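Descriptive analysis of the structure
This is what each chain is made of:
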Amino acid sequence: MERKLIAAGNWKMNMDYNEGRDLAQAVASGLQPSDVLVIMGTPYVHLKNISGIIKDISNIKLAAQNCHQEENGAYTGEISAAMLKSCGVDFVILGHSERREYFGEADELIAKKIDIVLKYGMQPIYCCGEKLEVREAGKHEELVGEQVKTALYHLTKEQMQRVVIAYEPVWAIGTGKTATPQQAQDMHEYIRSLIRKKFGQEVADATTILYGGSVKPDNAQELFSQPDVDGGLVGGASLKAKDFLAIASSF
Ligand code: PGA
């Protein structure tokens with residue numbers, strides 16, 4: 001099975017309705033046909049509208065940035081997997097470090113969210129990564145290993161084949177500091193080895209592992225040229241169509 005190359009944008013809590021529509025239109029009209037899959041991860045309010053904007057373009061897909069772990073019910077303010085699916089969502093970003101940091105999400109909960117996203121026929125983009133003090137203590141592989149095992153090791157092979165992983169060192173997110181291509185490669189190789197151990201060579205080879213953390217047009221090419229870096233999860237630079245399109249053509 002072929003490993004997919006992906007440039008995914010994570011708009012976070014940015015863009016009002018009209019700004020979001022304009023950005024999605026600019027990305028959709030500027031994108032060249034290629035084998036790279038482009039994903040826009042937008043706030044909930046944009047999803048239905050943008051799914052209409054991109055519906056005839058086969059290499060653009062839509063992502064939500066979170067999802068509740070229960071089917072439905074009395075969870076005021078929350079959004080379910082069924083709702084996302086019905087709005088044309090293909091991917092759901094789960095376990096982003098900002099969800100972990102500000103909303104107390106941990107891998108046991110993220111594992112449940114992964115299950116429900118898969119159940120509704122969407123693909124999780126599972127985020128993992130260490131904070132600066134963990135890296136400085138030399139414990140980054142141990143920590144990321146624990147995250148990956150807790151969130152993903154309960155899946156079947158068939159389920160794992162639908163998961164995208166994003167390695168996002170927390171110290172590189174929104175800071176302008178990027179992991180060096182070698183640091184990214186080392187961690188991606190390690191994550192792939194964990195997938196291989198549990199799910200076998202074929203699944204490991206086919207798993208897309210994205211790098212996230214200050215990916216920009218001027219560093220994307222070097223990062224994406226690493227053998228185990230299959231693309232990026234892009235925050236700040238996904239808010240400008242020109243920059244995001246430049247990143248998407250950096251493979
Ligand atoms: P950044 O964010 O590109 O702004 O560093 C990446 C992310 O949080 O996904």
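Structural data are supplied above this passage.
Report follows, based on the coordinates.

**As for the site of the ligand**
The ligand sits among 13 residues. The nearest are Lys12, His96, Glu168, Gly174 and Ser214. In this structure, an oxygen atom belonging to the ligand sits 2.9 Å away from a main-chain N or O atom of Gly235. One of the backbone nitrogen or oxygen atoms of Gly236 is found 2.8 Å away from an oxygen atom of the ligand. Coverage of the ligand by the protein chains reaches 97% of its 280 Å² of free accessible surface.

**Considerations on the pairing of strand β1 (residues 6–10)**
The element β1 is largely enclosed, with a buried count of five among its five residues. Of the two faces of β1, the one lined by Ile6, Ala8 and Asn10 and the one lined by Ala7 and Gly9 are each fully buried. Handedness of the β-α-β unit built from β1, helix α1 (residues 17–30) and strand β2 (residues 37–41) comes out right-handed. Here four bridges tie β1 to strand β8 (residues 231–234), and the two strands are oriented parallel to one another. The partner of Ala7 across the bridge, within β8, is Gly232.

**Considerations on the nonpolar core**
Leu152, Ile191 and Ile195 are the most contacted members of the largest nonpolar core, which has 65 residues in total. The greatest single-element share of this core, amounting to six residues, is contributed by helix α9 (residues 181–199). Not counting residues up to four positions away in its chain, the partners in contact with Ile195 are Val148, Leu152, Met160, Ile165, Gly200, Val203, Ala204 and Thr207.

How each quantity is defined
- Residues numbered from 1 in each chain as written.
- Predicted model: local features only at pLDDT ≥ 70, side-chain atom pairs only at ≥ 80, totals over all residues.
- Heavy atoms only, no water.
- Near = heavy atom within 4 Å.
- Polar contact = N/O pair within 3.5 Å; in protein donor to acceptor, adjacent residues only side chain to side chain.
- Areas by Shrake-Rupley, 256 points an atom, 1.4 Å probe, with all protein chains shown as cover.
- Buried < 20%, exposed > 50% of the residue type's maximum accessible area, 1.4 Å probe, protein only.
- Helix = DSSP H or I, 4+ residues; strand = E, 2+ residues; numbered from the N terminus.
- Right-handed = clockwise from strand over helix to strand, strands pointing away.
- Pairing = 2+ DSSP bridges.
- Core = buried A, V, L, I, M, F, W, Y, C linked by side-chain atoms within 4.5 Å.
- Contact = heavy atoms within 4.5 Å.

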